[in-house]
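A look at the structure
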Amino acid sequence: AVLKSRPDVVILAGDLHEPPHSPEPFYNLLSQMSARVPVFYTEGNHDLRKRDSSQYNAHLEQISASGAALLNDTVVPLQKGGDCVLLYGQSWRGIKAKQTPVFDLDFPSILVCHDPMQFDRLDPLPDLMLSGHVHGGILRLPWIGPIFAPGDGTPVYKRFARRFFFPKYSKGLYHKGAHTLAVTQGLGFSILPIRFIPPEIMVLTLKSNKKTNNS
């Protein structure tokens, strides 16, 4: 389904595997896609659910071995037709450490960051930020919208705090001036094998605003 959209790049914003399930289907997916198109991956909170650091590092190594480029706290130039866009990634550990990406303002910027709430914490903002994490609000009600935000490892009895209800960013596009946040509601599920919201593959088309001789 991803390849049918004929993408120039495939960007994954984390949480495509959760222990104790086997990660092999995830690695196979990366291998099949990266054989056809550049694939970039930034970790989410579920990627950190490994028993020790060696298991976590082995997981990251396997992602790279599958052909995907890891974007954890790095930047990669994307070039097409003589234009350059800088693709940044922020790891979950970077989020929790309150690290701030440094954007080169001479080029358009895309930030891949699992948690969409970073959109309210960054200054300056990237031109485009790609996130997931919220599962579309897990449950959505008419006239109310998204109901729940993920717990990020918080014990269940502590999840009745206001910050875990009615997430501000849950799916679709959000704007602050010229800056855009795109949040996908994701494909799978967590803990329980059930989804109340349809899975989604988000396809974005970027258009230059530069003037040409024909326009």
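Scroll up a little and you will see the structure.
This report concerns the structure included in the present document. Model, not experiment: these values are computed from the prediction.

Describing helix H1 (residues 24-34)
Among all positions in H1, only Phe26, Tyr27, Leu30 and Met33 are buried. Axial view of H1: buried residues confined to an arc of 130 degrees, hence all on one face. Opposite its buried face, H1 presents the exposed residues Pro25 and Gln32, each directed more than 90 degrees away. Buried residues along H1 sit in contact with strand S1 (10-12), strand S2 (39-41) and helix H2 (53-65).

Details of the side chain of serine 109
Within the secondary structure, serine 109 sits in strand S6 (residues 109-113). Classification of serine 109 as buried rests on a relative accessible area of 5%.

Quick look at H2
Over its 13 residues, H2 extends 18 Å from the first C-alpha to the last, a length consistent with the 18 Å expected when each residue adds 1.5 Å. Residues of H2 that are buried sit in contact with H1, S2, strand S3 (69-70) and helix H3 (92-96).

Considerations on the environment of arginine 6
Mapped onto the elements of the fold, arginine 6 is located in the segment before S1. Arginine 6 sits in the exposed class, given a relative accessible area of 75%. In sequence terms arginine 6 and arginine 36 are 30 residues apart; their C-alpha atoms lie 9.8 Å from each other.

Description of unusual backbone geometry
Note that the residue after aspartate 123, namely proline 124, is joined by a cis bond; omega there is 5 degrees. On the secondary structure map, proline 124 appears in the loop between S6 and strand S7 (128-131). Even without a glycine there, the phi angle at arginine 6 is positive, about 55 degrees. Phi is positive for lysine 98, close to 60 degrees, though the residue is something other than glycine. Note on placement: lysine 98 falls in the loop between H3 and S6. Here lysine 98 falls in the exposed class, since its relative accessible area comes to 74%.

Cut-offs applied
Residues numbered from 1 in each chain as written. Predicted model: local features only at pLDDT ≥ 70, side-chain atom pairs only at ≥ 80, totals over all residues. Heavy atoms only, no water. Buried < 20%, exposed > 50% of the residue type's maximum accessible area, 1.4 Å probe, protein only. Helix = DSSP H or I, 4+ residues; strand = E, 2+ residues; numbered from the N terminus. Arc of directions from axis to C-beta. Contact = heavy atoms within 4.5 Å. Expected span 1.5 Å × (residues − 1).

By themselves, these observations are geometric and do not establish any function.
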